[in-house]
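Overview (structure and organization)
Now for the letters of each chain:
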Amino acid sequence: MSFKLKTIDLFRGHRRCNHSFLFGSADLKQGADRDETPPRTPTGNAPSSESDIDASSPSNDLVSSSNDIVVSQEEDERLAKELSLKEAAAHDLSHRPKRRRFHESYNFNMKCPTPGCNSLGHLTGRHERHFSISGCPLYHNLSADECKAPSDRQLRYKEKVTELRRKRNSGLNKEQKDNHVEHRQSHGASREPLLENITSDYDLELFRKAQARASEDLEKLRLAGQVSEGSNMIKTIVFGRYELDTWYHSPYPEEYARLGRLYMCEFCLKYMKSQTILRRHMVKVFLRVSEINPMYFPLAISTHRQIYCQNLCLLAKLFLDHKTLYYDVEPFLFYVMTEADSTGCHLVGYFSKEKNSFLNYNVSCILTMPQYMRQGYGKMLIDFSYLLSKVEEKVGSPERPLSDLGLISYRSYWKEVLLRYLNNFQGKEISIKEISQETAVNPVDIVSTLQSLQMLKYWKGKHLVLKRQDLIDDWKAKETKRGNGKTIDPKALKWTPPKGT
């Protein structure tokens, strides 16, 4: 807003300066015109010829001297009248030219604040340039050409199309309806439905042309080796402001799996075929992750939230190798972490857990989105899962098998938990069971971590835990260098375990 006000002030100052220059030019021109006019006679009229400019005779001296007083008074009145008219004209703005458009007059190298924008075009399509976000086509995910007003040719074509669509049939008669039903019952989804007589001939012809063009494009991709039947053809996804390369196959519907790129709404996770469909969806979308209480609250399964969880599982499969859950999401609870800013809540990661786990798994599937990896969000999700286990007064462990990145994250978390516990431990004897009850980590995971750290030794028929001070000192140095980082505040958790768990 401050940028806009500043621009208006500069604009006004520029116009004032411009007008003052125009008035100065006009005064100079008028002065030049007055200098070029011939001298006036005492009566105020210009002489008509050289004979009028004659020396006054002595006999007229008395008359001239007597008339000088009258003429001087008339001249003073005339000059005063002209001066008052000038002052009135100075305050009258009707004679000024109309103010031109901002972009036509302002040339102080103002630029649009949107990164990557060259200030060309305008959202209304009526201006050649813009200098604010409100008029930036790029900010609204459009191009300058898309914002331009339609030409006369386009308007005539639109009227022609409207006229052709008016010729649409009123509806299907009984015989045609029976043919449609019979065709659907005979072929089911293996054939395209009958499209005749359900829309105008113009729209049907456009649809057939679009089908042929899409088929031709797919054929070119197949010949180029970019598309092959039966393989994972989703290579990239457009997710918010990111374009992500996929890692594994995900069982999306075949009509979407054929595409090399999917466009996804980062709020409801709906997948679409083109940027245009995504843009239209973002205009009318109502579901936001923030409405699902993403932090510290499990997603109860309802109609639209069930679809959200299914889309979340399909998305996760693109980056997880061992994931098998796609559509049957009812037995699971989903915990979604988002990063909030002025545009909404952006998906960072999630984990799911069974409502009733007989093996006390506190995580069934866990994922951090690729654009947020190596920023501490993975450990934050793991820490949150163990915090829920502490509230449930259970000992938890992730479901196996773990992915490669998941195994690295969990081993790093278990190491950090054990070193922190040993650093704060003041007793003489330590028990694996006590560590497990304090940290909610499964004893099997504790033993495997101690073995990897070479802190578990077998001596005289007993297992001893060695407190390696060098590892603890290294961990303390890293913690000091890292600072507070991303951590979960247990006091901020307001959560009750779901019934039946």
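Residues numbered from 1 in each chain as written. Predicted model: local features only at pLDDT ≥ 70, side-chain atom pairs only at ≥ 80, totals over all residues. Heavy atoms only, no water.

Let me state the cut-off plainly: UniProt positions are given in the numbering used here, feature names are shortened, and annotations may be inferred rather than shown by experiment.
As annotated in an unreviewed UniProt entry, the protein chain carries the name Histone acetyltransferase and comes from Gasterosteus aculeatus aculeatus. Taken verbatim from the UniProt record of the protein chain, the Catalytic activity (unreviewed entry) comment is "L-lysyl-[protein] + acetyl-CoA = N(6)-acetyl-L-lysyl-[protein] + CoA + H(+)". Heading Sequence similarities (unreviewed entry) of the UniProt record for the protein chain holds this comment: "Belongs to the MYST (SAS/MOZ) family."

**Brief notes about the sheet that holds strand β5 (residues 332-341)**
Here is the rule: Any two strands with at least two DSSP-identified bridges between them are counted as paired. A run of H or I in DSSP becomes a helix once it reaches four residues, and a run of E becomes a strand once it reaches two; helices and strands are each numbered from the N terminus. Axis definition: a line fitted to C-alpha atoms, over the contacting stretch in the case of helices. Angles run 0 to 180 degrees between N-to-C directions.
Spatially, three strands are ordered β5-β6-β8 in an open sheet, and the strand pairing comes out antiparallel. Edge positions in the sheet fall to β5 and β8 (365-368), since each has one partner strand and no second. When the angles between neighbouring strand axes are averaged without regard to direction, this sheet yields 20°. As paired strands, β5 and strand β6 (residues 344-354) are joined by ten bridges and run antiparallel to one another.

**As for the nonpolar core**
Here is the rule we go by: To define a nonpolar core, start from buried Ala, Val, Leu, Ile, Met, Phe, Trp, Tyr and Cys residues and group those joined through side-chain atoms within 4.5 Å. Remark: exposure states derive from per-residue accessible area (1.4 Å probe, protein chains only) relative to the maximum for the residue type, with buried under 20%, exposed over 50%, and partly exposed in between. Between two residues, a contact is recorded if the distance between any of their heavy atoms is within 4.5 Å.
Ranked by size, the top nonpolar core spans 70 residues in total, and within it I237, Y252, M264, L315, F334, L347 and M369 carry the most contacts. Leave out the neighbours within four places in its chain, and M264 touches I237, V238, F239, G240, Y252, K270, Y271, M272, L278, L315 and L318. Membership of the second largest hydrophobic core comes to seven residues, among which are V238, C265, F267 and C268.

**A look at the packing of helix α13 (residues 432-439) against helix α14 (residues 443-452)**
The condition is simple: Any angle from 65 to 115 degrees is called roughly perpendicular, while one under 35 is roughly parallel, one over 145 is roughly antiparallel, and all others are oblique. Take the far helix as the reference: if the near one is turned anticlockwise from it by less than a right angle, the crossing is left-handed, and if turned clockwise, right-handed. Put simply, Ala, Val, Leu, Ile, Met, Phe, Trp, Tyr, Cys and Pro go in the nonpolar bin, Asp, Glu, Lys and Arg in the charged bin, and everything else, Gly too, in the polar bin.
Remark: α13 packs on α14, axes separated minimally by 9 Å, with the N-to-C direction vectors making an angle of 115°. Between α13 and α14, the crossing angle belongs to the class labelled roughly perpendicular. The handedness of the crossing between α13 and α14 is right-handed. Where α13 abuts α14, its residues I432, I435, S436 and T439 lie against P443, I446, V447 and L450. Classifying every residue of the contact of α13 with α14 by side-chain character gives six nonpolar, two polar and no charged.

**Re the UniProt feature "active site" (unreviewed entry) in the protein chain**
Look at the UniProt record and you will see "active site" (unreviewed entry) annotated at E399. Tracing the backbone shows E399 in the loop between β9 (397-398) and α12 (404-424). A relative accessible area of 27% means that E399 is categorised as partly exposed. Not counting residues within four places of it along the chain, the set of residues in contact with E399 comprises E354, Y361, V363 and S364.

**Side note on a nonpolar patch on the surface**
The condition that has to hold: Patches draw on residues past 30% relative accessible area with no salt bridge. Two like charges within 9 Å are joined, as are two nonpolar side chains (Val, Leu, Ile, Met, Phe, Trp, Tyr) within 5 Å. Accessibility throughout is a Shrake-Rupley quantity obtained with a 1.4 Å probe, and a residue counts as covered only by protein chains that appear here. Salt bridges are defined as contacts in which a side-chain nitrogen from Lys or Arg sits within 4 Å of a carboxyl oxygen from Asp or Glu.
Together, W247, Y248, L405 and I408 make up a nonpolar patch on the protein surface, roughly 390 Å² of accessible area in all. Structurally, I408 is set in helix α12. Classification of I408 by relative accessible area gives exposed; the value is 57%.

**Concerning unusual backbone geometry**
Across the chain, the bulk of peptide bonds are trans and the bulk of non-glycine residues have phi less than zero. The linkage connecting R400 with the following residue, P401, adopts the cis geometry, with an omega of 0°. Positive phi, close to 60°, is recorded for E393, a residue that is not glycine. Structurally, E393 can be placed in the loop between α11 (377-391) and β9. Its identity as a non-glycine residue notwithstanding, Q454 has a phi of 55°, on the positive side. The class for Q454 is exposed, based on a relative accessible area of 52%.

**Considerations on the layout of surface pockets**
Formally: Definitions used for this entry: grid spacing 1 Å over protein atoms alone; cavity, a set of points where a 1.4 Å probe fits but cannot get out; pocket, an open set with protein on both sides within 12 Å along at least 5 of 7 lines; lining residue, one with an atom within 4 Å of a point. Grid points are joined across faces, edges and corners, and a volume is the space filled by probe spheres set on the points.
Of the volumes computed, that of the largest pocket is approximately 870 Å³. Looking at the largest pocket, it is lined by 19 residues, and the ones nearest its centre are Y139, N141, E266, M282 and T343. No other element matches the five residues that helix α9 (residues 275-284) contributes to the lining of the largest pocket. Of the residues that constitute the lining of the largest pocket, the class distribution is eight nonpolar, seven polar and four charged.

**Details of the environment of E354**
Looking at where E354 falls in the secondary structure, it is placed in strand β6. Not counting residues up to four positions away in its chain, the partners in contact with E354 are P331, F332, Y361, S364 and E399.

**Structural notes on the pairing of strand β1 (residues 236-239)**
Working note: regular strand, side chains alternate between the two faces of the sheet. The side-chain alternation of β1 yields two buried faces, one formed by T236 and V238 and the other by I237 and F239. Alignment of β1 against strand β2 (residues 242-245), held across four bridges, turns out to be antiparallel. When the bridges of β2 are listed, V238 appears paired with E243. In sequence, β1 turns back onto β2 through a hairpin of two residues, with G240 there showing a positive phi of about 65°. Where β1 and strand β3 (residues 261-264) come together, four bridges link them in parallel fashion. Bridge pairing in β3 places V238 opposite Y263.

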